[in-house]
Amino acid sequence: MQVPVPQNRTQGGAGLWHISVRCARFHEQLCVSIVVHGVFTIMEELRSTEVLDKEIRADAQKRAARILSKAEETVQAQLDGVEQRISQAREAALKKSQERIALYEKNINASLPLEKQRILVLHIHNAVIEALNGYFGSLGKKRRQDVVRTQVKAALPLLSGKSVNALVYGIPLADAKAFLSEELGAALVHCSEGADIQLANEAVPGFLFREGVVLVATDNSVVCRLTLDQKVKEILEDKTAELATALFGGRLPE
């Protein structure tokens, strides 16, 4: 800023002029100083704003990193929980399967002796029946009739004083009537043929000879079933072990 110089300067005027010049220069310096100070202030504010912005960014990044880390931990925990549940389910399924297998094996092992015993009994029974079929087959009809006649003699005490009707099975009617008349005498009222189906309930499985007589008191108080099937039942009840031992040479199959 320039101060105009007066044309006619006196001594007093010169002093004032110098004072004016100094004031103007001071004012100019003051303005410059103010401007510089303002510039520095603005720059400082800008620098402060930049620092604050960096701090805000850094804090935001830290917060974001913590949130991301927390999220990753949560996801990992969930994944670990899924793996653990899968492992537990696998172990539970395996344990259940092993328990079922163990129970099945236990049942099988428990049933094996019973099944083995059943097969052994069936094998012995079939062997004995086969032997009895061979024995009675070798006797022939006449001697099989003698077996039935022996059964009739054994039943006479039960029929004492009774009138009797006779049903004949598998034996010629005339032959049966002949030996029944000899054994029962006048007590024999009637003699007729019966149907084999009537012996179905007492038939021994596997035995081949449906032969014998059934004596029935006329008052129905006594019924004597005197058949070869009944004879075989007696043998099976009383002599199976002896027959099996004889059939298997003293050593039963294991």
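All values reported here derive from a predicted model rather than from experimental measurement.

**Examining the overall build of the protein**
Within the protein one finds three helices and four strands. Counting helices and strands in the order they occur from the N terminus, the protein gives α-β-α-β-β-β-α. Here the protein, with 254 residues, has 21% of them falling under the buried criterion. Nonlocal contacts in the protein, meaning residues at least 24 apart in sequence, comprise 72% of its contacts between residues at least 6 apart.

**Thoughts on the nonpolar core**
For soluble globular proteins, the rule of thumb is that nonpolar side chains tend to be buried together. Counting 33 residues, the largest nonpolar core has Phe-136, Leu-180, Val-213 and Leu-215 as its most contacted members. Looking at this core, the elements with two or more residues in it are α1 (11–155), β1 (164–169), α2 (173–184), β2 (188–193), β3 (212–217), β4 (223–227) and α3 (228–247). Setting aside residues up to four positions removed in sequence, Phe-136 forms contacts with Arg-144, Val-147, Phe-207, Phe-209, Leu-228 and Val-232.

**What about the environment of Val-223?**
Looking at where Val-223 falls in the secondary structure, it is placed in strand β4. Spatially, the C-alpha atoms of Val-223 and Val-164 are 9.3 Å apart, while their sequence positions differ by 59 residues. In contact with Val-223, not counting residues within four places along its chain, are Val-214, Leu-215 and Val-216.

**Looking at the packing of aromatic side chains**
How two aromatic rings sit relative to each other is set out by the distance from centre to centre and by the angle between their planes. Scanning the model with the defined rule gives three aromatic pairs in all. For the pair Phe-136 and Phe-207, a centre-to-centre distance of 5.6 Å together with 80° between the ring planes defines the contact as edge-to-face. With a gap of 71 residues between them, Phe-136 in helix α1 and Phe-207 in the loop between β2 and β3 connect regions that are remote in the sequence. Each member of the pair, Phe-136 as well as Phe-207, carries the same accessibility label: buried. One aromatic cluster is present, built from ring pairs that chain together Tyr-135, Phe-136, Phe-207 and Phe-209.

**Some thoughts on the pattern of salt bridges**
The full count for this structure, using the stated rule, is nine salt bridges. A salt bridge links Arg-144 to Glu-211; the shortest N-O distance between them is 2.9 Å. On the criterion of sequence distance, the pair formed by Arg-144 in helix α1 and Glu-211 in the loop between β2 and β3 is long-range, its members being 67 residues apart. You'll find Arg-144 and Glu-211 in the same group, each marked buried. Salt bridges linked by common partners bring Arg-149, Lys-153, Glu-182 and Glu-183 together as one network.

**Thoughts on the side chain of Glu-211**
On the basis of relative accessibility, which here comes to 10%, the residue Glu-211 falls in the buried class. A polar atom in the side chain of Glu-211 sits 2.9 Å from the side chain of Arg-144. Not counting residues within four places of it along the chain, the set of residues in contact with Glu-211 comprises Arg-144, Val-148, Tyr-169, Gly-170, Ile-171, Thr-227 and Leu-228.

**Topic: the sheet that holds β2**
Within the open sheet, the four strands sit side by side as β2-β1-β3-β4. Their pairing is mixed. Because the sheet does not close on itself, it has two edges, and the strands there are β2 and β4. Between one strand axis and the next, the sheet turns through 15° on average, direction left out of account. In the sheet, β3 pairs with β4 via five bridges, with the strands oriented antiparallel. Following the sheet pairing, Leu-215 is matched in β4 by Cys-224.

**Looking at α2**
Taking 1.5 Å per residue, 12 residues should reach 16 Å; α2 reaches 16 Å between its end C-alpha atoms and fits that length. Looking only at α2, the buried set comprises Ala-176, Phe-179, Leu-180, Glu-183 and Leu-184. One side of α2 carries all its buried residues, which in axial view fall inside an arc of 120°. Along α2, exposed side chains directed more than 90 degrees from the buried face belong to Ala-174 and Glu-182. In the segment just after α2, Gly-185 is the residue with positive phi, at about 65°.

**Examining the pairing of β2**
By the bridge criterion, five bridges tie β1 to β2 in an arrangement that is parallel. Within the sheet, the bridge partner assigned to Leu-167 lies in β2 and is Ser-192.

**Considering unusual backbone geometry**
You will see that Asn-220, though not glycine, has its phi angle at about 60°, which is positive. When its relative accessible area of 60% is taken as the criterion, Asn-220 is described as exposed.

**Overview of the side chain of Glu-183**
Locating Glu-183 in the fold gives a position in helix α2. Here the side chain of Glu-183 touches Arg-149 through a polar contact of 2.8 Å, side chain to side chain. In contact with Glu-183, not counting residues within four places along its chain, are Arg-149, Val-152, Lys-153 and Leu-156.

Cut-off values and rules
- Residues numbered from 1 in each chain as written.
- Predicted model: local features only at pLDDT ≥ 70, side-chain atom pairs only at ≥ 80, totals over all residues.
- Heavy atoms only, no water.
- Helix = DSSP H or I, 4+ residues; strand = E, 2+ residues; numbered from the N terminus.
- Buried < 20%, exposed > 50% of the residue type's maximum accessible area, 1.4 Å probe, protein only.
- Contact = heavy atoms within 4.5 Å.
- Core = buried A, V, L, I, M, F, W, Y, C linked by side-chain atoms within 4.5 Å.
- Phe/Tyr/Trp six-rings, centres within 6.5 Å; stacked < 30°, edge-to-face > 60°.
- Salt bridge = Lys/Arg side-chain N within 4 Å of Asp/Glu carboxyl O.
- Polar contact = N/O pair within 3.5 Å; in protein donor to acceptor, adjacent residues only side chain to side chain.
- Pairing = 2+ DSSP bridges.
- Axes fitted to C-alpha atoms, helices over the stretch in contact; angles between N-to-C directions.
- Expected span 1.5 Å × (residues − 1).
- Arc of directions from axis to C-beta.

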